[in-house]
Amino acid sequence: MTAAYLERAALAYLERYASSRANLRAVLLRKARRRGGAAPDGDLLLAIDRVVETAARSGLVDDRLYAEAKLHGLLGRGASARSARARLAAKGLEPDTIAAALAEAAPDEFAQARRYAQRRRLGPFRAIPDASRRERDLAALARAGFSYRAAAAALDVEEAE
């Protein structure tokens with residue numbers, strides 16, 4: 001496992017996927033474990049950190065831009081701010097970076113809940129609206145990270161526009 005191999009592996013990964021620093025580091029660690037079999041030693045960990053730093057300095061990895069792009073996609077699908085925060089944290093982004101991206105996007109919780117209900121065909125967005133399923137629909141919205149107020153408002157809209 002050489003530094004040149006790690007650089008090629010990082011470039012190959014970044015050609016296909018956008019990534020955060022922590023995610024790229026995790027990808028390279030997995031490759032090292034798969035190739036070496038055992039836990040990587042100190043020299044290999046240093047080489048991985050150098051490759052990640054080089055990618056960050058060259059602009060191939062930018063946590064702020066990654067957070068904004070990922071957040072845009074999540075909010076476009078109707079994800080709640082709470083859910084989006086958890087997904088971004090799972091990718092290894094710092095809480096400050098996530099908070100800045102959320103502040104810039106300023107998602108409207110009620111609009112997000114309505115978009116999620118529409119995408120999942122909950123409440124009035126069902127082909128055949130069924131009031132008896134309201135509690136189940138509220139539970140689905142709560143599991144998706146929406147507050148009770150936002151979930152109830154999303155389900156109380158008039159017939160699907």
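Before any of the text, the structure's been laid out above.
Since we're looking at a predicted model, the values are computed, not measured. (Residues numbered from 1 in each chain as written. Predicted model: local features only at pLDDT ≥ 70, side-chain atom pairs only at ≥ 80, totals over all residues. Heavy atoms only, no water.)

Caption draft 1: Spotlight on the overall build of the protein. The helix and strand tally for the protein stands at nine helices and zero strands. Relative to its length of 161 residues, the protein is extended, with a C-alpha radius of gyration of 21 Å against a globular reference of 15 Å. Principal axes of the C-alpha set define a box for the protein whose edges measure 60 × 35 × 25 Å. Put simply, the protein has 161 residues, and 37% of those count as buried. Contacts spanning at least 24 positions in sequence make up 65% of the contacts within the protein whose residues lie at least 6 apart. Carbon together with sulfur atoms contributes 50% to the accessible area of the protein, which is approximately 9,800 Å² in total. With 29 positive and 21 negative side-chain charges, the protein shows a separation of 6 Å between the mean positions of the two kinds. (Helix = DSSP H or I, 4+ residues; strand = E, 2+ residues; numbered from the N terminus. Rg over C-alpha atoms; globule rule 2.2 N^0.38 Å. Buried < 20%, exposed > 50% of the residue type's maximum accessible area, 1.4 Å probe, protein only. Contact = heavy atoms within 4.5 Å. Areas by Shrake-Rupley, 256 points an atom, 1.4 Å probe, with all protein chains shown as cover. Lys, Arg positive; Asp, Glu negative; His and termini not counted. Charge placed at Lys NZ, Arg CZ, Asp CG, Glu CD.)

Caption draft 2: View of the side chain of Gln 112. Here Gln 112 is to be found in helix H7 (residues 109-120). Within the structure, Gln 112 has its side chain in polar contact with the backbone oxygen of Ala 79 (distance 3.1 Å). Here Gln 112 is in contact with Leu 75, Gly 78, Ala 79, Pro 107 and Phe 146, once residues within four sequence places are set aside. (Polar contact = N/O pair within 3.5 Å; in protein donor to acceptor, adjacent residues only side chain to side chain.)

Caption draft 3: Molecular detail of the packing of helix H8 (residues 134-143) against helix H9 (residues 148-155). The contact between H8 and H9 brings their axes to 9 Å, and the two run at 130°. It follows from the interaxial angle that H8 and H9 lie oblique. When you trace H8 past H9, the crossing you get is right-handed. The segment H8 lies against H9, with Arg 134, Asp 137, Leu 138 and Leu 141 engaging Tyr 148, Ala 151, Ala 152, Ala 154 and Leu 155. Each residue belonging to the contact of H8 with H9 can be placed in one class, and the counts come to seven nonpolar, no polar and two charged. (Axes fitted to C-alpha atoms, helices over the stretch in contact; angles between N-to-C directions. Parallel < 35°, antiparallel > 145°, perpendicular 65-115°, else oblique. Left-handed = near helix turned anticlockwise from the far one by under 90°. Nonpolar A, V, L, I, M, F, W, Y, C, P; charged D, E, K, R; others polar.)

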